[in-house]
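# Fold and geometry: a report
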Number of protein chains: 2
Amino acid sequence: MPQVKTEAPHEIVGEACPVREVLDRVAGKWSILIIVAAARGPVRFTELERSIEGISRRMLTLTLRNLERDGLLTRTVYATVPPRVEYRLTDMAQELHQSLLSLTDWATRHREEISAARHAYDAERLVDGR
Amino acid sequence: MPQVKTEAPHEIVGEACPVREVLDRVAGKWSILIIVAAARGPVRFTELERSIEGISRRMLTLTLRNLERDGLLTRTVYATVPPRVEYRLTDMAQELHQSLLSLTDWATRHREEISAARHAYDAERLVDGR
DNA sequence: CAGGATCCAATTGGATACTG
DNA sequence: CAGTATCCAATTGGATCCTG
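Owing to the predicted nature of the structure, the values given are computational and were not obtained by experimental measurement.

### Considerations on the interface of chain B and chain A
In this assembly, 45 residues from chain B lie in contact with 45 residues from chain A. Between chain B and chain A, the buried area comes to about 4,700 Å², and carbon and sulfur atoms account for 62% of it. The three residues of chain B that bury the most area against chain A are R69, W106 and R118 of chain B, which together make up 16% of that side's buried surface. The shortest N-O distance in the salt bridge between D122 of chain A and R69 of chain B comes to 2.4 Å.

Here it is, written out as structure tokens:
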């Protein structure tokens, strides 16, 4: 079982840096995408699989487990047939979602600018051969 | 040359999703770490290399190039001996930094809670063997 | 439906040696 | 100093098959 890392590499450098902390938690686009998707209410596994676009069954499972482990998601199993599992954000994750909004808002506002900067950069290396 | 991706895989799914947009830009812990480090003023290459803790020469270079390409950093070369290169955030990146503050603040506030959730989770799978 | 397990391909990233 | 280039190890992640 890869992932759900044993967190050994952290301890080495001392850890405790909050910036690092948040990144290890949230980095990897799937985490954020899931948090955003679950922000409006409980979601089911298949629902996430369809709405996330491009995520594999494996990565969805892995990411969900990690988020659950970090206390950002709760997983509720209903003993029905067929089984039904719901994921929902914890209060802590709802707060995180608020912070993420500021981030996605920034992205939306600067999408054009970023795209332009990129093309300009690429064009420049093209003419003088780097 | 790996990295500085050709962005082909995006186009396939249609792209344009701002959430995705921001993630591809900012994801990868080094980017955020660099932005935070450069937020207070111009920084030099070696300065970053020392202050980032754990980053390799290679990743630092690669990440700096990507940030520059996206218009988040400017790179200024001074024709001195030895050479001196300074990186500084663009206005757009300064704005991003503000958003990131809300994120790191969240991380700081919930560090304990996350750690506790983790240990609880791990302890649970330990007793019943998953 | 909601995953777990496995296999394999691709990407990421560190270490290191070299250069203007 | 500020990188670039190269080699190789580790991680990531997709595809697939199986099950309660």
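### Some words on the protein's contact with DNA strand D
Around DNA strand D sit 19 residues in total, of which R58 of chain A together with T46, T61, R75 and Y87 of chain B are the nearest. Among the atoms of DNA strand D lying within 4 Å of the protein, the sugar-phosphate backbone contributes 62%. In this structure, T46 of chain B approaches DNA strand D through a side-chain N or O atom, which is 2.5 Å from a phosphate oxygen. Note that a sugar or linking oxygen of DNA strand D is positioned 3.2 Å from one of the backbone N or O atoms of P83 of chain B. Every element with two or more residues in the surface near DNA strand D is listed here: α5 (57-69) of chain A together with α4 (45-52), α5 (57-69) and β3 (84-89) of chain B. Here the surface near DNA strand D takes four residues from α5 of chain B, the largest share from any one element.

### Observations concerning empty space enclosed by the protein
A water-sized probe rolled over the atoms picks out the places where empty space is left. Evaluated as defined, the whole model comprises one cavity of 30 Å³ or more. There is about 110 Å³ of room inside the largest cavity. Around the largest cavity, the lining comprises 15 residues; the ones closest to its centre are V26, A27 and I32 of chain A together with V26 and I32 of chain B. Elements with a minimum of two residues in the lining of the largest cavity: α2 (18-26) and α3 (29-38) of chain A together with α2 (18-26) of chain B.

### Points about the protein's contact with DNA strand C
Taken together, 20 residues are adjacent to DNA strand C, and T46, R75 and Y87 of chain A together with S56 and R58 of chain B come closest. For DNA strand C, the fraction of protein-proximal atoms (within 4 Å) that sit in sugar or phosphate groups is 70%. Measuring from a sugar or linking oxygen of DNA strand C, one finds a backbone N or O atom of P83 of chain A at 3.5 Å. At 2.4 Å, a side-chain N or O of Y87 of chain A approaches a phosphate oxygen of DNA strand C. Within the residue set of the surface near DNA strand C, elements represented by two or more residues are α4 (45-52), α5 and β3 (84-89) of chain A together with α5 of chain B. The greatest single-element share of the surface near DNA strand C, amounting to four residues, is contributed by α5 of chain A. Of the residues in the surface near DNA strand C, the class split is eight nonpolar, five polar and seven charged.

### Focus: the pattern of salt bridges
Residues and elements named next belong to chain A. In the structure shown here, the tally under the stated rule is 17 salt bridges over all chains. Two residues, E68 and R65, come together in a salt bridge whose shortest N-O distance is 3.9 Å. Here E68 and its partner R65 are both found in helix α5, three residues apart, which amounts to about one turn of the helix. Given the relative accessible area of 18%, E68 is considered buried.

### Comments concerning the UniProt feature "domain: HTH hxlR-type" (unreviewed entry) in chain A
As annotated in UniProt, the feature "domain: HTH hxlR-type" (unreviewed entry) corresponds to residues 17-115 of chain A in the numbering used here. Within residues 17-115 of chain A, the helical portion is 66% and the strand portion 14%, while the C-alpha atoms at the span's ends are 32 Å from each other.

### Some words on the packing of helix α6 (residues 91-127) of chain A against α2 of chain B
For any two helices packed against each other, one specifies the inter-axial angle together with the distance between the axes. It is at 8 Å that the axes of α6 of chain A and α2 of chain B come closest, and there the two elements cross at 70°. One way to sum up the angle between α6 of chain A and α2 of chain B is to call them roughly perpendicular. Crossing of α6 of chain A over α2 of chain B shows left-handed handedness. Between α6 of chain A and α2 of chain B, the contacting residues are L103, T104, W106, A107, T108, R111, I114 and R118 of chain A on the first element and P18, V19, E21, V22 and R25 of chain B on the second.

### A short note on the sheet that holds β3 of chain A
Strand pairs in the sheet, formed through backbone hydrogen bonds, run parallel or antiparallel to each other. All names here are of chain A. A sheet is described by the order of its strands in space; here three strands give the open sequence β1-β3-β2, paired in antiparallel fashion. In this open sheet, the two strands that pair with only one neighbour each are β1 (43-44) and β2 (73-78). On the sheet, α5 packs against β2 and β3 and is oriented at approximately 115° with respect to β2.

### Some details on the pairing of strand β2 (residues 73-78) of chain B
All names here are of chain B. Judged from the six bridges that link them, β2 and β3 form a sheet pairing that is antiparallel. By the bridge assignment, T76 is partnered in β3 with E86. The antiparallel hairpin formed by β2 and β3 contains five residues in its connecting segment.

The rules we used
Residues numbered from 1 in each chain as written. Chains lettered and ligands numbered in written order. Predicted model: local features only at pLDDT ≥ 70, side-chain atom pairs only at ≥ 80, totals over all residues. Heavy atoms only, no water. Contact = heavy atoms within 4.5 Å. Buried area = accessible area lost by both parts, 1.4 Å probe. Salt bridge = Lys/Arg side-chain N within 4 Å of Asp/Glu carboxyl O. Near = heavy atom within 4 Å. Polar contact = N/O pair within 3.5 Å; in protein donor to acceptor, adjacent residues only side chain to side chain. Helix = DSSP H or I, 4+ residues; strand = E, 2+ residues; numbered from the N terminus. 1 Å grid on protein atoms, 1.4 Å probe; cavity = no way out; pocket = protein on both sides within 12 Å on 5 of 7 lines; lining within 4 Å. Points joined across faces, edges and corners; volume = space filled by probe spheres on them. Nonpolar A, V, L, I, M, F, W, Y, C, P; charged D, E, K, R; others polar. Buried < 20%, exposed > 50% of the residue type's maximum accessible area, 1.4 Å probe, protein only. UniProt positions renumbered as here; feature names shortened; annotations may be inferred. Axes fitted to C-alpha atoms, helices over the stretch in contact; angles between N-to-C directions. Parallel < 35°, antiparallel > 145°, perpendicular 65-115°, else oblique. Left-handed = near helix turned anticlockwise from the far one by under 90°. Pairing = 2+ DSSP bridges.

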